[in-house]
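Tertiary structure, described
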Amino acid sequence: MNEEADRAGEEPVKWLTAGELESWLSLVRLMMWLPWSIDQQLQRDSKLGMVEYQVLAMLSKSPERTLRMSSLAVLTNASLSRLSHLVKRLEERGLVRREPDPADGRFTHAILTEEGLQTLTEVAPAHVAHVRSLIIDVLSPEQLRRVGRAADRIMSRIDISGVS
């Protein structure tokens, strides 16, 4: 098999060691269960999903609580189609509204409403407490700093240029 890879000009597979596999599987479990746990807390406390909460949070931090839908899609790692459906649900609840971009009508802005900001303000304390209980409080400040730096290094390897 390695001869075939060499003939094709490819590098042979560098298989994971037992320790690397154990760490990788721990990370996979974290990637699967952490979003689920956060989503469950948000659904229980606010009837918002994790991505919906992220949309509200991203809008709240933006100038005039407004972002182009395309920018919001990148920030939330959602396709424009998925984001459009999600924002429609938030609009129906009065939390967000959409308007054409006044500078370029080809784009649409998502805007956090006063009701959306109030909802976010009410939901945030329980959400932060849950995040704190899951991550912040179980790591020392140094471990937390290292996890953040490791996450940043991993993210730097992920090509998000095609996300839209």
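Here's a quick rundown of the structure. (Residues numbered from 1 in each chain as written. Predicted model: local features only at pLDDT ≥ 70, side-chain atom pairs only at ≥ 80, totals over all residues. Heavy atoms only, no water.)

1. A short note on the sheet that holds strand β2 (residues 96-100)
Sheet strands line up and pair through hydrogen bonds in the backbone, either parallel or antiparallel. Convention followed: One requirement defines pairing of two strands: DSSP has to find at least two bridges between them. Numbering goes from the N terminus for both helices and strands, where a helix is a DSSP run of H or I of at least four residues and a strand is a run of E of at least two. An axis is simply a line fitted to the C-alpha atoms; with a helix, the fit covers only the stretch in contact. Between two such axes, the angle follows the N-to-C directions and lies from 0 to 180 degrees.
If you walk across this open sheet you meet the 3 strands as β1-β3-β2, and the pairing is antiparallel. Both outer strands of the open sheet, β1 (66-68) and β2, are each paired with one neighbouring strand and no more. Taking each pair of neighbouring strands and ignoring which way they run, the sheet shows an average axis angle of 30 degrees. The sheet contact formed by β2 and strand β3 (residues 108-112) spans 5 bridges and is antiparallel. Bridge pairing links R98 to A110 in β3.

2. Focus on a nonpolar patch on the surface
Our working definition: Exposure above 30% relative accessible area and the absence of a salt bridge qualify a residue for a patch, where like charges join within 9 Å and nonpolar side chains (Val, Leu, Ile, Met, Phe, Trp, Tyr) within 5 Å. Surface accessibility follows the Shrake-Rupley procedure with a 1.4 Å probe radius. Residue values consider only the protein chains on display as shielding. Only one rule defines a salt bridge in this text: a Lys or Arg side-chain nitrogen within 4 Å of an Asp or Glu carboxyl oxygen.
On the surface, L16, L21, W24, L25, L27, L30, M31, V74, I154, M155, I158 and I160 cluster together into a nonpolar patch covering about 1,100 Å² of accessible area. For the nonpolar patch, the secondary-structure elements that each account for two or more residues are α2 (18-46) and α7 (141-156). Examining the composition of the nonpolar patch, we find that 6 residues originate from one element, α2, more than from any other. Assignment of secondary structure puts M155 in helix α7.

3. Topic: the nonpolar core
How we decide: We call a set of buried residues a nonpolar core when its members are Ala, Val, Leu, Ile, Met, Phe, Trp, Tyr or Cys and they connect through side-chain atoms within 4.5 Å of each other. For every residue, the accessible area (1.4 Å probe, protein chains only) is compared with the maximum for its type, and the residue is labelled buried under 20%, exposed over 50%, or partly exposed between those bounds. Every residue pair with non-hydrogen atoms within 4.5 Å of one another is taken to be in contact.
If you look at the biggest cluster of nonpolar residues, it comprises 25 residues, and the most contacted ones within it are L56, L59, L72, L83, L90 and V96. Going through the elements one at a time, α2, α3 (50-61), α4 (69-76), α5 (80-92), β3 and α6 (114-134) are the ones with two or more residues in this core. At 7 residues, the largest contribution of residues to this core is made by α3. Beyond its immediate chain neighbours, meaning those up to four positions away, L56 contacts L48, L90, L95, V96, L112, G116 and L120.

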